[in-house]
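Examining the three-dimensional arrangement
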Amino acid sequence: MRLTFLGTSAGENYPALWCNCPNCEYARRHGGKNIRQNTCTMLDDDVMLDLSNHAFQSSLLYGRDLTALRLLLVTHRHKDHLYTHHLIWRTKMRTADNRIIEPTNDIDMDEAVHWMGSRLTPLPWLDIYGHESVYREILQNDRYHPELEEEVYKVAFHPLRSGETVFRPDLDISFTAVASRHGVPTFNYIIERGGTTLLYALDCGSYEADMLSLIAKYRYDCVVIEGTFGLMPDRFEMHQNLDKNLEIMRFFDENRLWKTEKRFIITHMSPHWTPPHEEYCRIVAPYGMTVAYDGMSVEF
Ligand SMILES: [Zn+2]
Ligand SMILES: [Zn+2]
Ligand SMILES: [Zn+2]
């Protein structure tokens with residue numbers, strides 16, 4: 001598996017949109033890894049974990065081509081994880097008399113200039129999985145027309161239940177929905193591909209006992225977990241601070257859930273409780289944690 005982090009911030013971004021505090025100002029002055037955009041992560045070339053507002057800009061910055069996406073796993077309906085408007089731009093071209101033009105790689109741009117729409121080229125099907133509330137969120141977008149899914153967008157939504165495993169032999173991947181406590185229905189995902197296993201744990205305040213048992217049935221090459229509240233001393237129900245991250249790490253250590261190497265990666269960070277990148281790296285390094293940054297790529 002290769003993971004490319006296209007965004008690593010919590011909802012407000014890093015620096016926060018409307019804030020000039022020392023951390024936000026530091027990020028503005030120094031740029032680079034201190035700038036974080038809303039979370040989304042690409043798995044290999046064909047799988048996306050959440051579709052943030054920034055997915056397309058980030059994919060350009062970090063040289064990833066989103067037109068090859070086949071699978072989108074959505075954790076939950078919060079808008080920093082699911083920007084539904086990106087989906088409507090999969091629309092095919094139409095002629096002035098409303099005839100749909102079939103996309104082709106052999107495009108005559110002189111002819112295409114007469115058509116209306118946003119996609120000239122063929123795309124593979126995009127299968128979207130998530131809790132049913134994710135689909136309701138997509139339908140809330142009044143520019144998204146479900147009747148066009150099959151013929152125009154080439155998108156199919158598949159609702160998941162907590163604990164359900166889906167095997168997609170055509171994509172050589174299987175994934176299991178793990179319900180997390182986050183205030184709205186949220187699934188973290190245990191993802192298996194090519195003999196490697198990942199737990200993608202965003203957003204996640206904590207887990208009920210049955211979900212911890214489910215997690216403990218697998219052995220992992222990597223855990224990617226939200227670290228929204230970093231150094232906040234209080235434990236907030238909907239998200240993790242460093243303390244809770246350490247608790248999850250201990251759960252993995254004590255239950256011997258690592259295959260060989262231990263990869264514990266923090267993402268989804270807020271500017272007001274996680275210091276700027278290098279400083280937070282120094283703080284968590286002794287625990288064996290890696291702090292993700294926008295554009296970071298890991299392979300395992
Ligand atoms: Zn979030
Ligand atoms: Zn700030
Ligand atoms: Zn959330």
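Everything numeric here is computed off the predicted structure, so don't read it as measured data.

Some words on the overall build of the chain
Counting its regular elements, the chain contains nine helices and 14 strands. The dimensions of the chain, computed from C-alpha atoms along their principal axes, are 65 × 45 × 30 Å. Relative to its 300 residues, the chain shows a buried fraction of 39%. For the chain, long-range pairs separated by at least 24 residues make up 66% of all intrachain contacts whose partners lie at least 6 apart in sequence.

Quick word on the sheet that holds strand E4 (residues 71–73)
Reading across the sheet, the seven strands line up as E6-E5-E4-E3-E2-E1-E14 and stay open at both edges, with mixed pairing between neighbours. Single-partner strands in this sheet number two, and they are strand E6 (155–159) and strand E14 (297–299). The mean inter-strand angle of the sheet, taken between neighbouring strand axes irrespective of direction, is 20°. Where strand E1 (residues 2–7) meets E14, three bridges bridge the pair, whose relative direction is antiparallel. Bridging from a neighbouring strand, Leu3 pairs with Val298 of E14.

A look at helix H9 (residues 277–284)
Residues His277, Tyr280 and Val284 constitute the buried set of H9. The arc that holds the buried residues of H9, viewed along the axis, is 70°, so those residues lie on one side.

A few points about the nonpolar core
Grouped burial of nonpolar side chains is what soluble globular proteins tend to show. Counting 62 residues, the largest nonpolar core has Leu72, Tyr189, Tyr200 and Val223 as its most contacted members. Counting residues per element, this core draws most heavily on strand E8 (residues 173–179), at five residues. Leave out the neighbours within four places in its chain, and Tyr189 touches Leu73, Phe175, Thr176, Ala177, Val178 and Tyr200.

Some details on the environment of Leu123
On the secondary structure map, Leu123 appears in the loop between helix H4 (109–112) and strand E5 (126–130). With 33 residues separating them along the chain, Leu123 and Arg90 place their C-alpha atoms 8.4 Å apart. Beyond its immediate chain neighbours, meaning those up to four positions away, Leu123 contacts Thr67, Arg90 and Lys154.

Side note on the sheet that holds E8
Read from one edge to the other, the open sheet built from seven strands follows the order E7-E8-E9-E10-E11-E12-E13, with strand pairing classed as mixed. The open sheet has two edge strands with one neighbour each: strand E7 (165–168) and strand E13 (289–291). Across this sheet, the average inter-strand angle for adjacent strands is 20°, counted without regard to direction. Across three bridges, strand E12 (residues 264–267) lies against E13 in parallel orientation. Across the sheet, the residue bridging to Phe264 is Met289, located in E13. Packed on one face of the sheet, helix H8 (residues 242–254) meets strand E11 (222–226), E12 and E13 and runs near 160° to E11.

A look at the environment of Arg99
Assignment of secondary structure puts Arg99 in the loop between helix H3 (85–88) and H4. Separated by 131 residues in sequence, Arg99 and Gly230 place their C-alpha atoms 53 Å apart.

Observations regarding the pairing of E11
Buried residues dominate E11, accounting for five of its five residues. Covered by surrounding structure in E11 are Cys222, Val224 and Glu226 together with Val223 and Ile225, the residues of both alternating faces. Relative to E11, strand E10 (residues 196–201) is paired through four bridges, and the arrangement is parallel. Residue pairing across strands places Ala201 opposite Ile225, the latter belonging to E11. In this region the chain leaves E10, passes through helix H7 (residues 209–215) and returns to the parallel neighbour E11; the handedness of that crossover is right-handed. Here four bridges tie E11 to E12, and the two strands are oriented parallel to one another.

Some remarks on unusual backbone geometry
With omega at 0°, the peptide bond leading from Tyr14 into Pro15 counts as cis. Residue position: Pro15 is located in the loop between E1 and helix H1 (22–30). Positive phi outside glycine occurs at Asn13, with the angle close to 70°. Inspection of the secondary structure assignment puts Asn13 in the loop between E1 and H1. A tally of 22 C-beta atoms within 10 Å means that Asn13 is categorised as buried. Positive phi outside glycine occurs at Asp50, with the angle close to 70°. Among the residues examined, Asp50 registers 26 C-beta atoms within 10 Å and is labelled buried.

Observations regarding H1
Within H1, the full set of buried residues consists of Asn23, Cys24 and Ala27. The arc that holds the buried residues of H1, viewed along the axis, is 100°, so those residues lie on one side. Along H1, the residues that are exposed and aim more than 90 degrees away from the buried face are Pro22, Arg28 and Arg29. Of the residues trailing H1, Gly31 is marked for its positive phi of about 55°.

Reading the values: the criteria
Residues numbered from 1 in each chain as written. Chains lettered and ligands numbered in written order. Predicted model: local features only at pLDDT ≥ 70, side-chain atom pairs only at ≥ 80, totals over all residues. Helix = DSSP H or I, 4+ residues; strand = E, 2+ residues; numbered from the N terminus. Buried ≥ 20, exposed ≤ 12 C-beta atoms within 10 Å, placed from the backbone. Contact = placed C-beta atoms within 7 Å. Pairing = 2+ DSSP bridges. Axes fitted to C-alpha atoms, helices over the stretch in contact; angles between N-to-C directions. Arc of directions from axis to C-beta. Core = buried A, V, L, I, M, F, W, Y, C linked by C-beta atoms within 7 Å. Right-handed = clockwise from strand over helix to strand, strands pointing away.

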